[in-house]
Amino acid sequence: MSENSNSIIGLWKDWRLHVLVFITVIITEAIGQFSIPVGPGVILLLPMLYALIIGLILYFTPLVKEKQSKNAEPIIVLGVALLLAKIGVIIGPSLPEVIAAGPALLLQELGNLGTILLALPVAIWLGMKREAVGMTHSIGREPNVGLIMDKFGINSPEGRGVMTMYIFGTVFGAVFLGLISGFLATITPLHPLSFAMASGVGSGSMMAAASGSLIAAFPDLETSIVAFAGASNLLSLSTGLWVSIFIGLPLTEKIYAVMTKRRESKS
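Here goes a summary of the coordinates provided. (Residues numbered from 1 in each chain as written. Predicted model: local features only at pLDDT ≥ 70, side-chain atom pairs only at ≥ 80, totals over all residues. Heavy atoms only, no water.)

1. What about the environment of Leu 78?
With respect to the secondary-structure elements, Leu 78 resides in helix H4 (residues 66–91). On the basis of relative accessible area, Leu 78 is assigned to the partly exposed category, the value being 38%. Separated by 68 residues in the primary sequence, Leu 78 and Gly 146 have C-alpha atoms spaced 9.7 Å apart. (Helix = DSSP H or I, 4+ residues; strand = E, 2+ residues; numbered from the N terminus. Buried < 20%, exposed > 50% of the residue type's maximum accessible area, 1.4 Å probe, protein only.)

2. Structural notes on a nonpolar patch on the surface
Taken together, the side chains of Leu 107, Leu 110, Leu 117, Leu 118, Trp 242, Ile 245, Phe 246, Ile 247 and Leu 251 define a hydrophobic patch exposed on the protein surface, amounting to about 920 Å² of accessible area. At the level of secondary structure, the elements contributing two or more residues to the nonpolar patch comprise helix H7 (114–125) and helix H13 (222–266). Ranked by residue count, the leading element in the nonpolar patch is H13, at 5 residues. For Phe 246, the location among the structural elements is in helix H13. Given the relative accessible area of 60%, Phe 246 is considered exposed. (Patch = residues over 30% accessible without salt bridge, like charges linked within 9 Å, V, L, I, M, F, W, Y side chains within 5 Å. Areas by Shrake-Rupley, 256 points an atom, 1.4 Å probe, with all protein chains shown as cover. Salt bridge = Lys/Arg side-chain N within 4 Å of Asp/Glu carboxyl O.)

3. Section: the pattern of salt bridges
Counted according to the given criterion, the structure contains 3 salt bridges. In this structure, the salt-bridge partner of Glu 253 is Arg 130, at a minimum N-O distance of 2.8 Å. Here Glu 253 is found in helix H13, whereas its partner Arg 130 is found in the loop between H7 and helix H8 (131–136), with 123 residues between them in sequence. Judged by relative accessible area, which is 24%, Glu 253 ranks as partly exposed. For Arg 130, a relative accessible area of 25% corresponds to the partly exposed category. Residue Arg 160 is joined to Glu 131 by a salt bridge in which the shortest nitrogen-to-oxygen separation is 3.6 Å. Taken as a pair, Arg 160 in helix H10 (residues 157–187) and Glu 131 in helix H8 lie far apart in primary sequence, 29 residues in all. Among the residues examined, Glu 131 registers a relative accessible area of 26% and is labelled partly exposed. Through salt bridges that share partners, Arg 130, Glu 158 and Glu 253 make up one connected network.

This is the structure we're talking about:
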């Protein structure tokens, strides 16, 4: 039996890791979801957030050793693969809804490229290296994590960058979108449904937080807000990966190469 096969078998025989993960899942699901209204916005606390906090705490206890930390890395890849498979199953039956949504929803995915144009120059200015490519090529949700893992690997600088944004988005993304959507919808002349479309960034928790605050501010538009936010999020899940593959990631690498070359020539 090869060394690689032995390591895979050893991973699945790591009972301590699986027990800790199982207990964490039970605790977080038992706690459930909480919504905290803040003015026109809402702070949404989800089980995924609790799991991250509990996992971080466990890492600094004697219960988790370096072996469990290493064994958890390939399981992340497996988890992302299952999520991508689920997304693929959802997209097929929903294609008629996507087509009926119209050009406005189709074009909204291009807005996610703003992370490249706005965040990448700042990241390079702050001195970040290849991590910036993983961090700024998208908003760093599950399909984007899978793309970076497939192209660069989880232990690469790009892999560390996208995982950083994935964790940051899980902890703060729903809170930020839940607050900003409600505030902007109430103080700007834009129609609330435009913010409903903008809330579908490809993350269920972020969409739920953003649309929840919009519904709280405009309860008479609840049905329309849910419909537009859901269609927008579905489009981001179905087209976002393709936009990242053919536009987002190549554009990020091109801008990174140009900006770092200029920076090196000036120094």
